[in-house]
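In case you want the letters, here they are:
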Amino acid sequence: MRFRIDLKIFLFIILFYLTKQIEVYAMIMFFAIIHELGHLVAGLILGMRPEKIEIMPYGVSIAFKLKPKDYNKKIRKGNFLELKKIIVATARTNYKYDNYINCFSNEHQCF
(Lines give C-alpha, C1' and ligand atoms only; values in the text may rest on other atoms or scores of the structure.)
Protein backbone atom coordinates (compact mmCIF):
# COMPACT_ATOMS: atom_id res chain seq x y z
CA MET A 1 0.00 0.00 0.00
CA ARG A 2 1.27 3.43 -0.94
CA PHE A 3 0.64 6.45 1.31
CA ARG A 4 1.10 9.88 -0.23
CA ILE A 5 0.74 13.42 1.13
CA ASP A 6 0.55 16.25 -1.39
CA LEU A 7 2.93 19.02 -0.33
CA LYS A 8 0.50 21.72 -1.49
CA ILE A 9 -1.42 20.94 1.67
CA PHE A 10 1.07 23.08 3.59
CA LEU A 11 0.24 26.07 1.38
CA PHE A 12 -3.44 25.58 2.17
CA ILE A 13 -2.69 25.33 5.87
CA ILE A 14 -0.67 28.57 5.77
CA LEU A 15 -3.38 30.31 3.72
CA PHE A 16 -6.15 29.24 6.10
CA TYR A 17 -3.98 30.16 9.11
CA LEU A 18 -3.32 33.66 7.78
CA THR A 19 -7.02 34.20 7.08
CA LYS A 20 -7.84 32.92 10.58
CA GLN A 21 -9.98 30.08 9.21
CA ILE A 22 -7.74 27.15 10.11
CA GLU A 23 -10.58 25.65 12.20
CA VAL A 24 -12.79 25.47 9.10
CA TYR A 25 -10.06 23.75 7.10
CA ALA A 26 -9.32 21.33 9.95
CA MET A 27 -13.04 20.47 10.19
CA ILE A 28 -13.30 19.85 6.44
CA MET A 29 -10.23 17.62 6.44
CA PHE A 30 -11.46 15.77 9.55
CA PHE A 31 -14.76 14.89 7.90
CA ALA A 32 -13.00 13.98 4.62
CA ILE A 33 -10.79 11.54 6.54
CA ILE A 34 -13.80 10.07 8.38
CA HIS A 35 -15.60 9.68 5.03
CA GLU A 36 -12.67 7.86 3.42
CA LEU A 37 -12.25 5.63 6.46
CA GLY A 38 -15.82 4.48 5.78
CA HIS A 39 -14.77 3.53 2.25
CA LEU A 40 -11.72 1.75 3.66
CA VAL A 41 -13.81 -0.31 6.10
CA ALA A 42 -16.34 -1.20 3.39
CA GLY A 43 -13.54 -2.26 1.03
CA LEU A 44 -11.90 -4.40 3.71
CA ILE A 45 -15.23 -6.07 4.51
CA LEU A 46 -15.65 -6.89 0.81
CA GLY A 47 -12.17 -8.40 0.69
CA MET A 48 -10.46 -5.66 -1.28
CA ARG A 49 -6.94 -4.49 -0.56
CA PRO A 50 -6.19 -0.75 -0.52
CA GLU A 51 -3.61 0.16 -3.13
CA LYS A 52 -3.00 3.80 -2.23
CA ILE A 53 -4.17 6.49 0.16
CA GLU A 54 -3.60 10.12 -0.77
CA ILE A 55 -4.06 13.20 1.37
CA MET A 56 -4.54 16.24 -0.85
CA PRO A 57 -5.25 19.89 0.01
CA TYR A 58 -8.93 19.48 -0.80
CA GLY A 59 -9.57 16.03 0.68
CA VAL A 60 -8.51 12.42 0.91
CA SER A 61 -8.53 9.70 -1.74
CA ILE A 62 -8.31 5.93 -1.45
CA ALA A 63 -7.90 3.43 -4.28
CA PHE A 64 -8.37 -0.32 -4.09
CA LYS A 65 -6.54 -2.98 -6.03
CA LEU A 66 -9.00 -4.95 -8.13
CA LYS A 67 -8.41 -8.58 -8.88
CA PRO A 68 -8.98 -9.47 -12.57
CA LYS A 69 -11.30 -12.29 -11.51
CA ASP A 70 -13.57 -9.84 -9.65
CA TYR A 71 -13.44 -7.37 -12.53
CA ASN A 72 -14.58 -10.06 -14.98
CA LYS A 73 -17.49 -10.89 -12.67
CA LYS A 74 -18.59 -7.25 -12.79
CA ILE A 75 -18.43 -7.24 -16.59
CA ARG A 76 -20.46 -10.45 -16.85
CA LYS A 77 -23.03 -9.14 -14.37
CA GLY A 78 -23.26 -5.87 -16.30
CA ASN A 79 -23.74 -7.65 -19.63
CA PHE A 80 -26.48 -9.85 -18.16
CA LEU A 81 -28.19 -6.80 -16.67
CA GLU A 82 -28.11 -4.99 -20.02
CA LEU A 83 -29.63 -8.03 -21.73
CA LYS A 84 -32.45 -8.10 -19.17
CA LYS A 85 -33.09 -4.38 -19.75
CA ILE A 86 -33.34 -4.92 -23.51
CA ILE A 87 -35.79 -7.82 -23.06
CA VAL A 88 -37.98 -5.83 -20.66
CA ALA A 89 -37.99 -2.76 -22.91
CA THR A 90 -38.93 -4.85 -25.95
CA ALA A 91 -41.69 -6.68 -24.09
CA ARG A 92 -43.10 -3.42 -22.78
CA THR A 93 -43.14 -1.92 -26.28
CA ASN A 94 -44.88 -4.99 -27.73
CA TYR A 95 -47.45 -4.92 -24.92
CA LYS A 96 -48.30 -1.29 -25.62
CA TYR A 97 -48.52 -1.98 -29.36
CA ASP A 98 -50.78 -5.02 -28.78
CA ASN A 99 -53.09 -2.99 -26.56
CA TYR A 100 -53.24 -0.26 -29.19
CA ILE A 101 -54.17 -2.79 -31.93
CA ASN A 102 -56.70 -4.57 -29.71
CA CYS A 103 -58.28 -1.26 -28.88
CA PHE A 104 -59.32 -0.71 -32.49
CA SER A 105 -59.98 -4.31 -33.45
CA ASN A 106 -62.41 -5.02 -30.59
CA GLU A 107 -65.31 -2.93 -29.53
CA HIS A 108 -63.73 -2.02 -26.20
CA GLN A 109 -63.57 1.46 -24.96
CA CYS A 110 -59.84 2.22 -24.79
CA PHE A 111 -59.62 5.88 -23.96
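For the structure itself, consult the block above.
Residues numbered from 1 in each chain as written. Predicted model: local features only at pLDDT ≥ 70, side-chain atom pairs only at ≥ 80, totals over all residues. Heavy atoms only, no water.

Draft legend 1. Here's a closer look at the environment of Leu-40. Take Leu-40: it is sitting in helix H2 (residues 22–45). By relative accessible area, Leu-40 is classed as buried at 18%. Once residues within four sequence positions are removed from consideration, Leu-40 is found in contact with Pro-50, Ile-62 and Phe-64. (Helix = DSSP H or I, 4+ residues; strand = E, 2+ residues; numbered from the N terminus. Buried < 20%, exposed > 50% of the residue type's maximum accessible area, 1.4 Å probe, protein only. Contact = heavy atoms within 4.5 Å.)

Draft legend 2. The arrangement of a nonpolar patch on the surface in detail. On the surface, a nonpolar cluster with roughly 580 Å² of combined accessible area is contributed by Met-27, Phe-30, Phe-31, Ile-33, Ile-34 and Leu-37. Overall, the relative accessible area of 42% leaves Ile-34 in the partly exposed class. (Patch = residues over 30% accessible without salt bridge, like charges linked within 9 Å, V, L, I, M, F, W, Y side chains within 5 Å. Areas by Shrake-Rupley, 256 points an atom, 1.4 Å probe, with all protein chains shown as cover. Salt bridge = Lys/Arg side-chain N within 4 Å of Asp/Glu carboxyl O.)

Draft legend 3. Structural detail: the sheet that holds strand E2 (residues 49–56). The strand order across the open sheet formed by 3 strands is E1-E2-E3, and the pairing between neighbours is mixed. Only two strands of the sheet have a single partner each, and these edge strands are strand E1 (2–5) and strand E3 (59–65). For this sheet the average axis-to-axis angle between neighbouring strands, irrespective of direction, equals 10°. In the sheet, E1 pairs with E2 via 4 bridges, with the strands oriented parallel. Bridge pairing links Ile-5 to Ile-55 in E2. (Pairing = 2+ DSSP bridges. Axes fitted to C-alpha atoms, helices over the stretch in contact; angles between N-to-C directions.)

These figures capture arrangement, not role.
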